[in-house]
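A structural walkthrough
Next come the chains, spelled out residue by residue.
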Amino acid sequence: MKPILALLLALSLAACGGPRSAPRDAGPPPPAGAVISPNFGDRKPHPWDGRAPSAYAVHGTDTSRYQPPVDWRTARANGVNFTFVKATEGADDADPMFREHWTAARAAGVATGAYHFWYHCAPGRAQAQNFIRRVPKAAGALPPVLDLEWTPFSPTCTRRPPQAELLAEAQVFIDTVARHYGQMPLVYVSPDIFHARELWRLRGVEFWVRSVANHPSKVYPGTRWTFWQYSGTGQIPGKAGDGDLNVFSGNAAEWRDWLARRAHR
């Protein structure tokens, strides 16, 4: 019985959160392309029936004002290889924590990018200009990201524009940002808006997909993806509370190749 009880105790602790083992101590910041294996827990782990996130080599997170200051050196030492930091929303809003997260994550050797949260009541060009005003052209930065979601709880805009309008305005944002940074943005999507508005019709982009209950191949059949957000209840050393967990689609060598092609020079 003792081995069984020990196993049950371990599973119980994992379900309650915390890293899978003791947090690793932070040493000197490694290069941004160096892959460190994840040492994360998950407060609400999903029982994956296909290829699980643990089968992927390159893990990371995303961050906004709703996370308190992050110990990025500890997070990096425990497997945060990349992060996307919220920079802007709509045509005039900015995340007040952007600069702090952006600067500290880059200094810790985390491959860092910025994302814009789409506002369905503002034109794409104005939103792109808001992002461009606030996000620097920085060597090694990951491509910009356009975060497309429905906003049913927004205090000012709960619109769900028709497909033609949304695709056209989002494409204006994408093309404007691409001209400025010399890199086509990634597009973050959740299943509902992706399928309802056929977002696969956007031109020239790579997708970062949210899928917390099944592998993306089942939720987004036939869609190529570059990043997969698989949990919103991750427990990451150096990052208080729940954190989003993401993986890159390829192995460590493919990650370095992708960075060489897609990171800003």
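Preceding this section is the structure that the text describes.
Overview of the structure. (Residues numbered from 1 in each chain as written. Predicted model: local features only at pLDDT ≥ 70, side-chain atom pairs only at ≥ 80, totals over all residues. Heavy atoms only, no water.)

What follows deals with the environment of His195. As for its placement among the helices and strands, His195 is situated in helix α6 (residues 191-196). Exposure remark for His195: the relative accessible area of 38% places this residue in the partly exposed category. A C-alpha to C-alpha distance of 8.4 Å links His195 and Tyr220, two positions 25 residues apart in sequence. Sequence-distant contacts of His195, defined by excluding residues within four places in its chain, comprise Trp200, Val219 and Tyr220. Among the polar contacts listed, one links the side chain of His195 to the backbone oxygen of Val219, at a separation of 2.9 Å. (Helix = DSSP H or I, 4+ residues; strand = E, 2+ residues; numbered from the N terminus. Buried < 20%, exposed > 50% of the residue type's maximum accessible area, 1.4 Å probe, protein only. Contact = heavy atoms within 4.5 Å. Polar contact = N/O pair within 3.5 Å; in protein donor to acceptor, adjacent residues only side chain to side chain.)

By the element assignment, Tyr230 lies in strand β9 (residues 227-236). Taking relative accessible area as the criterion, Tyr230 reaches 9% and is therefore assigned buried. As for Tyr230 and Lys218, which are separated by 12 residues in sequence, their C-alpha atoms are 13 Å apart. For Tyr230, the contacting residues outside a window of four places in its chain are Phe40, Trp48, Pro53, His59, Ser211, Val212, Leu245, Asn246 and Val247. Here His59 takes part through its side chain, which lies 3.4 Å from a polar atom of the side chain of Tyr230.

Counting 46 residues, the largest nonpolar core has Leu148, Val187, Leu199 and Leu202 as the members making the most contacts within it. Tallying contributions element by element places helix α5 (residues 163-181) first for this core, with seven residues. If we skip the residues at most four places from it in the chain, Leu199 touches Leu148, Leu166, Leu167, Val189, Ile193, Phe194 and Phe207. Residues Trp208, Trp255, Trp258 and Leu259 belong to the second largest nonpolar core, which totals 15 residues. (Core = buried A, V, L, I, M, F, W, Y, C linked by side-chain atoms within 4.5 Å.)

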